[in-house]
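Examining the three-dimensional arrangement
As a plain string of letters, each chain reads:
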Amino acid sequence: MTHPFLLKKPLAIFDLETTGVNPAKDRIVEICVAKALPGKDRMPGELVVKTYRVNPGIPIPIETSLIHGIYDEDVKEAPTFKSIAKVLAQFLDGCDLAGFNSNRFDIPLLVEEFLRANVDFDIKNRRMVDVQRIYHLMEPRNLTAAYRHFCGKELVGAHGAEADTLATFEVLGSIVENHTGRTIRDEQRKVEFTIDNDMEVLASIARNNNVDLAGRMIFNEKGEEIINFGKHAGKSVLDVLKTEPSFYDWIQKGDFSLDTKRRFTEIRLRLFTGALNGKK
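Overview of the structure. (Residues numbered from 1 in each chain as written. Predicted model: local features only at pLDDT ≥ 70, side-chain atom pairs only at ≥ 80, totals over all residues. Heavy atoms only, no water.)

1. Topic: the overall build of the protein chain
Within the protein chain, the regular secondary structure consists of eleven helices and ten strands. Rg of the C-alpha trace for the protein chain: 20 Å, near the compact-globule value of 19 Å for 280 residues, within the 12% margin. Restricting to contacts in the protein chain with at least 6 residues of sequence separation, those with at least 24 account for 59%. Total accessible area computed for the protein chain in this model is approximately 14500 Å², and 50% of it derives from carbon and sulfur atoms. Separation of charge centres in the protein chain, based on 39 positive and 41 negative side chains, amounts to 6 Å. (Helix = DSSP H or I, 4+ residues; strand = E, 2+ residues; numbered from the N terminus. Rg over C-alpha atoms; globule rule 2.2 N^0.38 Å. Contact = heavy atoms within 4.5 Å. Areas by Shrake-Rupley, 256 points an atom, 1.4 Å probe, with all protein chains shown as cover. Lys, Arg positive; Asp, Glu negative; His and termini not counted. Charge placed at Lys NZ, Arg CZ, Asp CG, Glu CD.)

2. Here's the deal with the pairing of strand β7 (residues 183–186)
Side-chain alternation along β7 places Ile184 and Asp186 on a buried face and Thr183 and Arg185 on a face that remains uncovered. When β7 meets strand β8 (residues 191–194), the two strands line up antiparallel, connected through four bridges. Bridged to threonine 183 within β8 is threonine 194. Connecting the antiparallel pair β7 and β8 is a turn made up of four residues, with lysine 190 showing a positive phi of about 55°. (Buried < 20%, exposed > 50% of the residue type's maximum accessible area, 1.4 Å probe, protein only. Pairing = 2+ DSSP bridges.)

3. Considering the pattern of salt bridges
By the definition in use, this model includes 16 salt bridges. Residue arginine 263 pairs with glutamate 266 through a salt bridge whose shortest N-O separation is 3.1 Å. One end of the pair is arginine 263 and the other is glutamate 266, both in helix α11 (residues 258–276) and three residues apart, which spans about a single turn. Residue class for glutamate 266 comes out partly exposed when judged on its relative accessible area of 35%. Several salt bridges share partner residues, and in doing so they unite Lys9, Asp96, Arg127, Glu200 and Arg207 into one network. (Salt bridge = Lys/Arg side-chain N within 4 Å of Asp/Glu carboxyl O.)

4. Regarding the packing of helix α6 (residues 143–151) against helix α7 (residues 161–178)
Axis separation between α6 and α7 bottoms out at 9 Å; the angle between their running directions is 45°. When the axes of α6 and α7 are compared, the pair comes out oblique. Like other packed secondary-structure pairs, α6 and α7 cross with a definite hand, here left-handed. Facing α6, whose interface residues are Leu143, Ala146, Tyr147, Phe150 and Cys151, α7 presents Asp164, Ala167, Thr168, Glu170, Val171, Ser174 and Ile175. Broken down by class, the residue content of the contact of α6 with α7 amounts to eight nonpolar, two polar and two charged. (Axes fitted to C-alpha atoms, helices over the stretch in contact; angles between N-to-C directions. Parallel < 35°, antiparallel > 145°, perpendicular 65-115°, else oblique. Left-handed = near helix turned anticlockwise from the far one by under 90°. Nonpolar A, V, L, I, M, F, W, Y, C, P; charged D, E, K, R; others polar.)

5. Let's talk about the environment of leucine 7
Following the sequence through the fold, leucine 7 ends up in the loop between β1 (2–3) and β2 (11–18). In sequence terms leucine 7 and proline 38 are 31 residues apart; their C-alpha atoms lie 4.9 Å from each other. Dropping the residues within four chain positions of it, leucine 7 is found in contact with Ala36, Leu37, Pro38 and Met199.

6. Re the state of the cysteines
Taken as a whole and judged by the stated rule, the model has zero disulfides. Cysteine 32 carries a free sulfur, and the closest cysteine sulfur to it, the one in cysteine 95, is 13 Å from it. Cysteine 95 sits in the buried class, given a relative accessible area of 0%. (Disulfide = S-S within 2.5 Å.)

7. Here's the deal with helix α3 (residues 81–91)
Side chains three or four residues apart in an α-helix point the same way, a direct result of the helix having 3.6 residues per turn. Buried residues of α3: Phe81, Ile84, Ala85, Leu88, Ala89 and Phe91, and no others. For α3, the buried positions fall inside an angular range of 145° around the axis, keeping them on one side. Facing away from the buried side of α3, by more than 90 degrees, are the exposed residues Lys86 and Gln90. (Arc of directions from axis to C-beta.)

That is the geometry; function is a separate question.
This is the structure:
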């Protein structure tokens, strides 16, 4: 299978089926990755698809199984995420990432699973193309409707990782093939974008202002980290860590994702470094 994208580096389009929607607590039960490889001489590149069932190590709630059709019995003999983490990280090495609602859900949960498995999976130099974000700016609907609208097909097997991954691949392909040059406006950010067959452009359309993947901290217009929840919402993270040092300990002991805790630690270390260098 080939793909229509003009790529400078591989693009991994993926989807997760999970035990729930909380990255700090829930686990992956199925993952599919469609890896689009760069072509040569403007010829289509190859698409490599891999799908894994995963034993989450915790029960799958029946209400969740009724959605994606995966039950405890289906994964009891499957490998754990930790056992496939290194192989999966190698497969994703050097790839930009794409998915449907991936910036809000799939990427945070995937990163959390890698952290739990003690596998280094850095997303800092990866473009993240959230197809749902682009689609919602064009037509506010879900993946089934997106597949129907852009591809003219009914999505069979929705909420299965492979069906959703390949549908997302086709939707993104249709967007770049049929809507390159179309201008869309993000009313929230008050900015316009022109769709192009370029992952940097598509990632910029889907980009949010989160500091951590869960959005517990966000960047303000000046690029400063701001707390985005609770009694300190709207305050500078650095200011809160300076005036209320116990807040950091509360975060580290609380029910927050490992990624959120890591980002708070990075900012705190920056505060200490500044103090050592004589900065206020």
